[in-house]
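# Summary of the model geometry
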Amino acid sequence: MNIVVCLKQVPKKDSILRIGADQKWIDERDLSYEMSEADAYALEEALRQKEKHGGEVIVISSGPERVRQSIKEALAKGADRAIHLTDPLFNSGDPAVIARALAGALKNEKFDLIFTGLQSDDYGFAQVGLILAEMLGLPSATIVMEVQPEDSGVRVKRELESGWFQWVKLPMPALLTIQSGINQLRYATLKGIMAAKKKEIKEVKAADIGFTESDAISAQSIQRAYFPEKTKRTEIIEGKPAEAAAKLMEKLRFDARVF
Amino acid sequence: MSQGILLFVEQRDGVLNRTTLEALVASQQLAAGMSESLSAAVLGSGVSAVASEIAAKKLDKVYIAEDSKLAEYTPDGYTAALRQVIEKLDPRYVIFSHTYQVRDFAPRLTAALGKTFVGDCIGYKLEGGALLLTRQIFQGKINTDVGVSTEPPIFISFQTGSYRADQAAAGESTAQIENFTLDMSGVELRAKPEEKFQEAKQAVDLTQAERIVSVGRGIKSEENLGLVKDLAEALGAELAASRPICDNEWLPMDRQIGSSGQTVAPKLYLAVGISGAIQHVVGMKNAQTIVAINKDAEAPIFDIADYGIVGDLFEIVPALIAEAKKSQG
Ligand SMILES: Cc1cc2nc3c(=O)[nH]c(=O)nc-3n(C[C@H](O)[C@H](O)[C@H](O)COP(=O)(O)OP(=O)(O)OC[C@H]3O[C@@H](n4cnc5c(N)ncnc54)[C@H](O)[C@@H]3O)c2cc1C
Ligand SMILES: Nc1ncnc2c1ncn2[C@@H]1O[C@H](COP(=O)(O)O)[C@@H](O)[C@H]1O
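The shown structure was predicted, so the numbers you read here are calculated from the model rather than taken from an experiment.

Conventions adopted
Residues numbered from 1 in each chain as written. Chains lettered and ligands numbered in written order. Predicted model: local features only at pLDDT ≥ 70, side-chain atom pairs only at ≥ 80, totals over all residues. Heavy atoms only, no water. Helix = DSSP H or I, 4+ residues; strand = E, 2+ residues; numbered from the N terminus. Buried < 20%, exposed > 50% of the residue type's maximum accessible area, 1.4 Å probe, protein only. Contact = heavy atoms within 4.5 Å. Areas by Shrake-Rupley, 256 points an atom, 1.4 Å probe, with all protein chains shown as cover. Lys, Arg positive; Asp, Glu negative; His and termini not counted. Charge placed at Lys NZ, Arg CZ, Asp CG, Glu CD. Domains from an automatic or database assignment. Buried area = accessible area lost by both parts, 1.4 Å probe. Polar contact = N/O pair within 3.5 Å; in protein donor to acceptor, adjacent residues only side chain to side chain. Nonpolar A, V, L, I, M, F, W, Y, C, P; charged D, E, K, R; others polar. Near = heavy atom within 4 Å. Pairing = 2+ DSSP bridges. Axes fitted to C-alpha atoms, helices over the stretch in contact; angles between N-to-C directions. Core = buried A, V, L, I, M, F, W, Y, C linked by side-chain atoms within 4.5 Å. Parallel < 35°, antiparallel > 145°, perpendicular 65-115°, else oblique. Left-handed = near helix turned anticlockwise from the far one by under 90°. 1 Å grid on protein atoms, 1.4 Å probe; cavity = no way out; pocket = protein on both sides within 12 Å on 5 of 7 lines; lining within 4 Å. Points joined across faces, edges and corners; volume = space filled by probe spheres on them.

## What about the overall build of chain B?
In terms of helices and strands, chain B carries 8 helices and 17 strands. Expressed along its principal axes, the backbone C-alpha trace of chain B runs to roughly 70 × 50 × 35 Å. Every one of the 329 residues in chain B was classed for burial, and the buried ones make up 58%. When contacts within chain B are restricted to residue pairs at least 6 apart in sequence, long-range pairs at least 24 apart make up 65% of them. Only carbon and sulfur atoms are counted for the fraction: they give 46% of the accessible area of chain B, which is about 13,100 Å². Counting 31 positive and 42 negative side-chain charges, chain B places the averaged centre of each group 1 Å from the other.

In structure tokens:
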């Protein structure tokens, strides 16, 4: 079974974010990056499926040079090869533009499943996967918590709201968006890191896939980025830890009366 | 020419999803602000009761689009059906509530129509006639105003809790209900859903807890959990967690708070190293008193906290434990 995993690189979770000079995005200077969380789980699930059923895991990621680091991490964990979409034309705040680039690069690939994260940790569109499915004419299931390949397709467990679940059967090829927590993540081993050095990372530019300027036009775009205004007035308790702790306990006891 | 606003009405087994009423409030405000008409579409099979419920609200028309292929939700069925409705009615805006179901098909639908979908919005602004949609990025840490530059219809979904369902205006008279004729004969439903189910009964019932200490990824590693366990004990509280803690299996799933965990409303909810992503907040925002300990002064959790301490939890939690023990003794 061949599985494509769409990986996005995002600023590390603990990053202190600042608004950029153009006030339309964050200031990207001095940030460190990592794989978007759900994508790390998608990759892990693909590797586990491969270990059980054989086949190939192909990772694909669109983004600047720094993205290579996440691609290498995926290869070190056990992915077989990678496609890196490097053209600045692909960079977009419109999920359809990203999906179009991915679709272009995957047109000539043979796969049974595509995994994406259920949503990215930066834009959080929760769209790129499904738009890609629509463009490639694939059936889809979202927020997947278990994957069972069967003779005639794939059976997946979807998470629904408030503790409900549902199994859904799909013919393959299909696209699944993977939820965090579907499995337990592995670390790359030294052996894996060494082996990754020999693995192929294919670079793809716009011209390679017939992606034109008009394909890159954004239908939606951020006009302004800003920190949310706090609507509730939080009483921030200042002081050294011991002092703040004493003040808080007093408030809880006498003002909030929670004991 | 495209005109009017179309609201997607979500139902399951003939019962209206309450979040639709929140999206209705947004739709009513948009309709008033832009002088557009407002209609609603109910998809399914045997959904006339849902249509009547919506028709009692302030809107112009309700369409019922029924077919046996819509008896159970599938992405292919809903995409095909709503597409037919939209192509016929040609609205300027299509409004959804950002539910799991909508997440499952709306991006497909808009891609199929070659349109754009601004999802998970928390509000909108009308600036000189232009519509800007406010949506959060980086898990609620930053807000953005998003502009759209395609031909209508424009697709928008609103995040749960952004509008208050009880503010949905009732109609002066019942809105007209019209049957919309679908042609679903050529539509293949590729995904075959089975029965919905819930996992085995929860071992702990956090909904009964008076006080909850909840721990998030700020705790860094499983070994450090002892710290928050001690705090919970000192405060006479139950221990709960954000999703990543349960994903890592540091605590069992039944201690997870949020949209995919439990919903609680204790007297005290003390969030330790939790950022306050919306999927967590929906599970605890009704707590009487919310306290947050977080090293990031901009963390969204401080937007809903009554009391906050900005700092390192590894310094603050031990001090709190000491303080709580002192006053007990
Ligand atoms: C469909 C869907 C469903 C979801 N369901 C749920 C759900 O039910 N429940 C849920 O919780 N999440 C859910 N999530 C995930 C949610 O979006 C967030 O990713 C999650 O809540 C983040 O958990 P966290 O706050 O613990 O971690 P993070 O977002 O990583 O935040 C960690 C926080 O700890 C702080 N911190 C770090 N170190 C320290 C320190 N030393 N001292 C003090 N503070 C520190 C940081 O400043 C940060 O604010 C869901 C997501 C999706 C997409
Ligand atoms: N630039 C990208 N390169 C590769 N995959 C991506 C990219 N952007 C988004 N994806 C995939 O699409 C998923 C959903 O992203 P989003 O629609 O932004 O929430 C992510 O979890 C990734 O799997």
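## Description of the domain arrangement of chain B
Residues and elements named next belong to chain B. By the assigned domains, chain B splits into domain 1 (5-179) and domain 2 (206-328). Inter-centroid distance (C-alpha atoms) of domain 1 to domain 2 is 35 Å. Contacts between the two partners involve 6 residues from domain 1 and, on the opposite side, 5 residues from domain 2. Between domain 1 and domain 2, roughly 550 Å² of surface is buried when both sides are summed, and carbon and sulfur atoms account for 54% of that area. Counting every contact that joins domain 1 to domain 2 gives 0 residue pairs in polar contact (both at pLDDT 80 or more). Here the side of domain 1 that touches domain 2 is composed, by residue class, of 1 nonpolar, 4 polar and 1 charged.

## Section: the site of ligand 2
Residue and element names in this part refer to chain A. Around ligand 2, a shell composed of 18 residues is seen, among which C6, D39, S120, A126 and V128 lie nearest. Between ligand 2 and F125 there is a distance of 3.1 Å, counted from an oxygen atom to a backbone nitrogen or oxygen. A distance of 2.7 Å is found between an oxygen atom of ligand 2 and a backbone nitrogen or oxygen belonging to A126. Among the elements of the structure, β4 (57-62), α3 (95-106) and β6 (113-117) are those that each provide at least two residues to the shell around ligand 2. Considering every element that reaches the shell around ligand 2, the biggest residue donor is β4, with 3 residues. When grouped by side-chain class, the residues that make up the shell around ligand 2 number 8 nonpolar, 8 polar and 2 charged.

## Topic: the site of ligand 1
Ligand 1 sits among 32 residues. The nearest are S242(B), S260(B), S275(B), Q279(B) and N294(B). At ligand 1, the nearby residues belong to more than one chain, namely chains A and B. Measuring from an oxygen atom of ligand 1, one finds a side-chain N or O atom of Q139(B) at 3.4 Å. With respect to ligand 1, the side chain of K220(B) contributes an N or O atom lying 3.0 Å from a nitrogen atom. Here ligand 1 has 980 Å² of accessible area as a free molecule, and 95% of this is covered by the chains. Contributing elements (two or more residues each) for the shell around ligand 1: α6 (243-247), α7 (278-281) and α8 (313-328) of chain B. Looking at side-chain class alone, the shell around ligand 1 contains 8 nonpolar, 17 polar and 7 charged residues.

## Here we look at the sheet that holds strand β8 (residues 130-137) of chain B
With mixed pairing, the 10 strands of this open sheet are ordered in space as β12(A)-β9(B)-β8(B)-β7(B)-β10(B)-β6(B)-β1(B)-β4(B)-β5(B)-β11(B). In this open sheet, the two edge strands, each paired with only one partner strand, are β12 (220-226) of chain A together with β11 (176-179) of chain B. Taking the axes of each pair of neighbouring strands and ignoring which way they run, one obtains an average angle of 35° across the sheet. Where β12(A) lies against strand β9 (residues 142-148) of chain B, 6 bridges are found, and the strand directions are antiparallel. Residue pairing in the sheet places A225(A) in a bridge with T144(B) of β9(B). Here helix α2 (residues 48-55) of chain B sits on the sheet and contacts β1 (5-9), β4 (38-44), β5 (61-66) and β11 of chain B; the angle it forms with β5(B), its principal contact strand, is near 170°.

## Quick notes on the sheet that holds strand β13 (residues 211-215) of chain B
A sheet is described by the order of its strands in space; here 6 strands give the open sequence β13(A)-β17(B)-β16(B)-β15(B)-β13(B)-β14(B), paired in parallel fashion. The sheet is open, and its two edges are formed by β13 (235-236) of chain A together with β14 (238-241) of chain B, each paired on a single side. Strand direction decides the pairing type here: strand β15 (residues 268-272) of chain B and strand β16 (residues 289-294) of chain B, joined by 5 bridges, are parallel. Paired with Y269(B) across the bridge in β16(B) is I290(B).

## Regarding the environment of F125(A)
For F125(A), the position within the fold is in the loop between β6 and α4 (128-136). A relative accessible area of 5% places F125(A) in the buried class. Residues F125(A) and G93(A), 32 residues apart in the sequence, show an inter-C-alpha distance of 9.5 Å. What F125(A) contacts, discounting residues up to four positions off in sequence, is G93(A), P95(A), S120(A), Q220(A) and R135(B).

## A closer look at the nonpolar core
Residue and element names in this part refer to chain B. I95 and I156 are the most contacted members of the largest nonpolar core, which totals 49 residues. Filtering out sequence-adjacent residues up to four positions away, I95 remains in contact with I5, L6, L7, F8, A23, S27, L30, I156 and F158. By size, the runner-up hydrophobic cluster in this structure holds 38 residues, among which are A232, V272, I309 and I316.

## Things to note about the packing of helix α3 (residues 75-89) of chain B against helix α4 (residues 100-113) of chain B
Residues and elements named next belong to chain B. Look at α3 against α4: their axes get within 9 Å of each other, and the N-to-C directions meet at 50°. Relative to α4, the element α3 is oriented oblique. Crossing geometry of α3 relative to α4 is assigned as right-handed. Contacts between α3 and α4 involve P75, Y78, T79, L82, R83, I86 and E87 from the first element and Q101, D104, F105, R108, L109, A112 and L113 from the second. Here the residues of the contact of α3 with α4 sort into 8 nonpolar, 2 polar and 4 charged.

## Regarding empty space enclosed by the protein
Empty space among the atoms becomes visible once a probe the size of a water molecule is rolled across them. Tallying each qualifying case throughout the model produces 4 cavities of 30 Å³ or more. The wall of the largest cavity is formed by V10(A), P11(A), K12(A), K13(A), S15(A), L17(A), D121(A), D122(A), F138(B), Q139(B) and K141(B). Here the residues of the lining of the largest cavity sort into 4 nonpolar, 2 polar and 5 charged. Computed from the structure, the second largest cavity encloses a volume of approximately 70 Å³. As for the second largest cavity, its lining consists of S140(A), A141(A), R158(A), Q166(A), V168(A), Y73(B), T74(B), P75(B), D104(B), A191(B) and P193(B). Of all elements in the fold, only β7 (140-150) and β9 (164-170) of chain A reach the threshold of two or more residues within the lining of the second largest cavity. Of the residues in the lining of the second largest cavity, the class split is 6 nonpolar, 3 polar and 2 charged.

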